[in-house]
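Results of the structural survey
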Amino acid sequence: DTGVSQDPRHKITKRGQNVTFRCDPISEHNRLYWYRQTLGQGPEFLTYFQNEAQLEKSRLLSDRFSAERPKGSFSTLEIQRTEQGDSAMYLCASSPHSTGGEQFFGPGTRLTVL
Amino acid sequence: GENVEQHPSTLSVQEGDSAVIKCTYSDSASNYFPWYKQELGKGPQLIIDIRSNVGEKKDQRIAVTLNKTAKHFSLHITETQPEDSAVYFCLIPGVNSGGYQKVTFGTGTKLQVIP
């Protein structure tokens, strides 16, 4: 499968724990995006990378959230000291375009914070 | 920020009928207008897109029309089938004041096709 993959698909954690998600974009896609989606809502932009550079972060991305894309390929999203309000689907997308264009989404990681 | 309105929020149609979903935006600099389909438990999937230099694009039963003057674009699905049942989102990419990309999704339309 050459699409965008995300791991894990589901994560259940207790409040206060740290979690890390991984996204593997389509090979050679230089843009990578992270979104958060809660039930019944559209995806909300969190951050994006152009190769290894993180270019923009949403105000939704509090200081408990950090994202990396160290070699310009896969990316990780870490949430520290999780809160119940962090429960959501975390989506990753990649794009071959350096100026924006079609994005290809992964299946998402569903996070449940108890 | 970008103001994106998507209507209707829910839509039920009989199999074989047409469905139309409309997305209205505020950023006049936008020049790329995609529609995504999201099935339960899956990530959004691009189904059709249009660029600002054309007014309409069609791909089999799916079409998108764009009115740049009025700042809205619409998704048209003809001869609907039960497998068209899903949530549909429009997306407005743009550039913020810092020169970086911004992305705003519409609020979504839950389409139900009744067999």
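Notes on the structure follow. (Residues numbered from 1 in each chain as written. Chains lettered and ligands numbered in written order. Predicted model: local features only at pLDDT ≥ 70, side-chain atom pairs only at ≥ 80, totals over all residues. Heavy atoms only, no water.)

**What about the interface of chain B and chain A?**
- At the junction of the two partners, chain B supplies 19 residues and chain A supplies 21 residues.
- Between chain B and chain A lies a buried interface of about 1500 Å² when both sides are counted; carbon and sulfur atoms form 54% of it.
- Run the count over chain B and chain A and you get one salt bridge.
- R51(B) serves as the salt-bridge partner of E102(A), at 3.8 Å between the closest nitrogen and oxygen.
- In terms of residue class, the side of chain B that touches chain A is made up of nine nonpolar, seven polar and three charged. (Contact = heavy atoms within 4.5 Å. Buried area = accessible area lost by both parts, 1.4 Å probe. Salt bridge = Lys/Arg side-chain N within 4 Å of Asp/Glu carboxyl O. Nonpolar A, V, L, I, M, F, W, Y, C, P; charged D, E, K, R; others polar.)

**Things to note about the pattern of salt bridges**
- Tallied over the full model, the rule gives nine salt bridges over all chains.
- Between R36(A) and E44(A) there is a salt bridge, with the nearest N and O atoms lying 4.0 Å from each other.
- A relative accessible area of 31% places E44(A) in the partly exposed class.
- A salt bridge links K57(B) to D49(B), with the nearest nitrogen and oxygen atoms 2.9 Å apart.
- Its relative accessible area of 38% is what places K57(B) among the partly exposed residues.
- Looking at D49(B), the relative accessible area reads 12%, which means it is buried.
- Connected via shared salt-bridge partners are R64(A), E83(A) and D86(A). (Buried < 20%, exposed > 50% of the residue type's maximum accessible area, 1.4 Å probe, protein only.)

**Overview of the sheet that holds strand β8 (residues 75-79) of chain A**
Residue and element names in this part refer to chain A.
- With antiparallel pairing, the four strands of this open sheet are ordered in space as β1-β3-β8-β7. Two strands bound the open sheet, and with one partner strand each, they are β1 (5-7) and β7 (65-68). Recorded for the sheet is a direction-independent mean angle of 15 degrees between the axes of neighbouring strands.
- Bridge count for β1 against strand β3 (residues 19-24) is three bridges, and the pairing is antiparallel. Residue pairing in the sheet places D7 in a bridge with R22 of β3. (Pairing = 2+ DSSP bridges. Helix = DSSP H or I, 4+ residues; strand = E, 2+ residues; numbered from the N terminus. Axes fitted to C-alpha atoms, helices over the stretch in contact; angles between N-to-C directions.)

**A short note on the pairing of strand β10 (residues 101-105) of chain B**
Residue and element names in this part refer to chain B.
- With respect to burial, β10 is a largely interior element, four of its five residues being buried.
- Taken together, the five bridges between strand β9 (residues 86-95) and β10 define a ladder with antiparallel strand orientation. Each residue of the ladder has a partner; that of I92, found in β10, is T104.
- Hairpin remark: β9 followed by β10, antiparallel, with five residues in the connecting loop; positive phi at G99, about 90 degrees.

**Some words on the state of the cysteines**
- All told, the structure shown has two disulfides over all chains when counted by the stated rule.
- Note that C23(A) is cross-linked by a disulfide to C92(A), the S-S spacing being 1.8 Å. With the S-S bond torsion at -65 degrees, the cross-link from C23(A) to C92(A) turns out left-handed. Of this pair, C23(A) sits in strand β3 while C92(A) sits in strand β9 (residues 88-95); the two residues are 69 residues apart in sequence, bridging distant segments of the chain.
- Here C23(A) falls in the buried class, since its relative accessible area comes to 0%.
- Assessed through its relative accessible area of 0%, C92(A) is described here as buried.
- Paired through a disulfide, C23(B) and C90(B) show a sulfur-sulfur distance of 2.0 Å. In this structure the cystine formed by C23(B) and C90(B) twists about its S-S bond by roughly 60 degrees; its chirality is therefore right-handed. Here C23(B) is found in strand β3 (residues 19-24), whereas its partner C90(B) is found in strand β9, with 67 residues between them in sequence.
- We classify C90(B) as buried; its relative accessible area is 0%. (Disulfide = S-S within 2.5 Å.)

So far we have only geometry, and geometry alone does not tell us how the molecule works.
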